[in-house]
Amino acid sequence: MDFEEIIFKRRTIRRFKKEPVALETLKKLIDLARVAPMARNIQALEFIIVHSVEIRKKIFPLVNWAGSLPEDQRTPEKGREPTAYIIVLVNTKIKNAYVDFDVGAAVENILLGAVNYGIGSCWMGSIKAENIKKLLKIPEYYNIKHVISLGYPDEESVIEPYKDSFNYWKDDVGQMHVPKRALNDIIFKIF
Ligand SMILES: Cc1cc2nc3c(=O)[nH]c(=O)nc-3n(C[C@H](O)[C@H](O)[C@H](O)COP(=O)(O)O)c2cc1C
């Protein structure tokens with residue numbers, strides 16, 4: 001897949017096949033995050049890989065799915081849950097006032113890298129961070145920023161032209177539709 005194809009192909013995926021993602025692949029994704037741009041090159045981000053069935057089951061209730069969909073369409077059904085998670089941590093002993101931007105850059109590298117391996121992902125900010133911290137016995141000086149849910153895709157999602165709502169929606173055959181503003185509408189000025 002070429003670079004642009006990867007970018008346009010990436011859509012949030014919230015339904016996954018049972019086939020697990022290899023640990024080596026998950027490590028590779030974190031290697032892509034490792035070299036993302038970081039403000040002043042201060043590297044406060046660290047990552048947790050969750051791929052064991054036991055811990056996956058415990059993380060699942062601690063993340064919230066698809067807030068824009070009706071409640072009965074949000075959460076992956078049994079057997080379609082993520083098969084891995086990457087948890088994005090900030091080591092607060094390493095001070096960086098701009099760390100939230102770094103999180104964005106690192107996560108995007110992971111999401112695009114996942115597409116390259118045929119893996120679907122969901123970047124998740126709506127999480128029970130304190131519960132996850134307790135569950136995984138993460139020391140106080142780490143902040144959990146976001147969780148990335150991963151697995152081989154078991155749903156399709158397509159972009160469609162934005163009309164009057166940013167809400168993504170699911171059609172009768174279970175395909176996701178994600179409105180995106182048109183290129184000409186977001187180029188504010190050209191000088
Ligand atoms: C910072 C951030 C937080 C997000 N948090 C969640 C979340 O908690 N749960 C969820 O299901 N999706 C979450 N998403 C995914 C967005 O809903 C998704 O990116 C958006 O609908 C656009 O769809 P697309 O990724 O296919 O372009 C989040 C995305 C971002 C960038």
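What you see is a predicted model; the values in this text were computed from it and never measured.

**Looking at the domain arrangement of the protein chain**
Piece 1. Split into domains, the protein chain comes out as domain 1 (3–154) and domain 2 (156–191).
Piece 2. Distance between the C-alpha centres of domain 1 and domain 2: 23 Å.
Piece 3. Looking at the side of domain 1 that touches domain 2 residue by residue, the class counts come to 2 nonpolar, 3 polar and 1 charged.

**A word on the site of the ligand**
Piece 1. Surrounding the ligand, one finds 14 residues, the nearest of these being Arg-11, Thr-12, Met-124, Gly-125 and Ser-126.
Piece 2. Per-element tally for the shell around the ligand: the top contributor is strand 3 (residues 120–124), with 3 residues.
Piece 3. Grouping the amino acids of the shell around the ligand by side-chain chemistry returns 7 nonpolar, 5 polar and 2 charged.
Piece 4. No fewer than three residues from each of domain 1 (3–154) and domain 2 (156–191) sit in the shell around the ligand.

**Examining the pairing of strand 7 (residues 176–180)**
The side chains of a regular strand alternate, residue by residue, between the two faces of the sheet.
Piece 1. The pairing of strand 5 (residues 157–161) with strand 7 spans 5 bridges and is classified as parallel. Residue Pro-161 lies in a different strand from strand 7, and its bridge partner there is Lys-180.
Piece 2. As defined by bridge partners, strand 6 (residues 169–170) adjoins strand 7 across 2 bridges and the pair is classed as antiparallel. Paired with Lys-170 across the strands is Met-176, a residue of strand 7.

**Quick look at unusual backbone geometry**
Piece 1. Despite not being glycine, Asn-41 has its phi angle at roughly 60°, a positive value.
Piece 2. As for its position among the elements, Asn-41 is in the loop between helix 2 (23–34) and strand 1 (45–50).
Piece 3. On the neighbour-count criterion, Asn-41 (8 C-beta atoms within 10 Å) is exposed.
Piece 4. With phi around 45°, Ala-66 is a residue other than glycine that occupies positive phi space.

**Some details on the sheet that holds strand 7**
Piece 1. The strand order across the open sheet built from 3 strands is 5-7-6, with neighbouring strands paired in mixed fashion. The two strands at the open ends of the sheet, each matched to only one other strand, are strand 5 and strand 6.

**A few points about helix 5 (residues 99–116)**
Piece 1. Helix length check: helix 5, at 18 residues, gives a terminal C-alpha distance of 26 Å against a target of 26 Å (1.5 Å per residue), a fit within 8%.
Piece 2. Here helix 5 has its buried residues at Val-99, Asp-102, Val-103, Ala-106, Val-107, Ile-110, Leu-111, Gly-113, Ala-114 and Val-115.
Piece 3. Looking at the packing, one finds that the buried side of helix 5 touches helix 1 (3–9), helix 2, strand 1, strand 2 (84–91), strand 3 and strand 4 (142–151).
Piece 4. Following helix 5 by one or two positions, Gly-118 adopts a phi angle in the positive range, close to 75°.

**Structural notes on the sheet that holds strand 3**
Piece 1. Strand order in the open sheet formed by 4 strands is 1-2-4-3, and the pairing between neighbours is antiparallel. A strand with exactly one partner marks an edge of an open sheet, and here the two such strands are strand 1 and strand 3. Going from strand to strand, the sheet's axes swing by 25° on average, the running direction of each strand aside.
Piece 2. Where strand 2 lies against strand 4, 8 bridges are found, and the strand directions are antiparallel.

Parameters at a glance
Residues numbered from 1 in each chain as written. Predicted model: local features only at pLDDT ≥ 70, side-chain atom pairs only at ≥ 80, totals over all residues. Domains from an automatic or database assignment. Nonpolar A, V, L, I, M, F, W, Y, C, P; charged D, E, K, R; others polar. Near = placed C-beta within 6 Å. Helix = DSSP H or I, 4+ residues; strand = E, 2+ residues; numbered from the N terminus. Pairing = 2+ DSSP bridges. Buried ≥ 20, exposed ≤ 12 C-beta atoms within 10 Å, placed from the backbone. Expected span 1.5 Å × (residues − 1). Contact = placed C-beta atoms within 7 Å. Axes fitted to C-alpha atoms, helices over the stretch in contact; angles between N-to-C directions.

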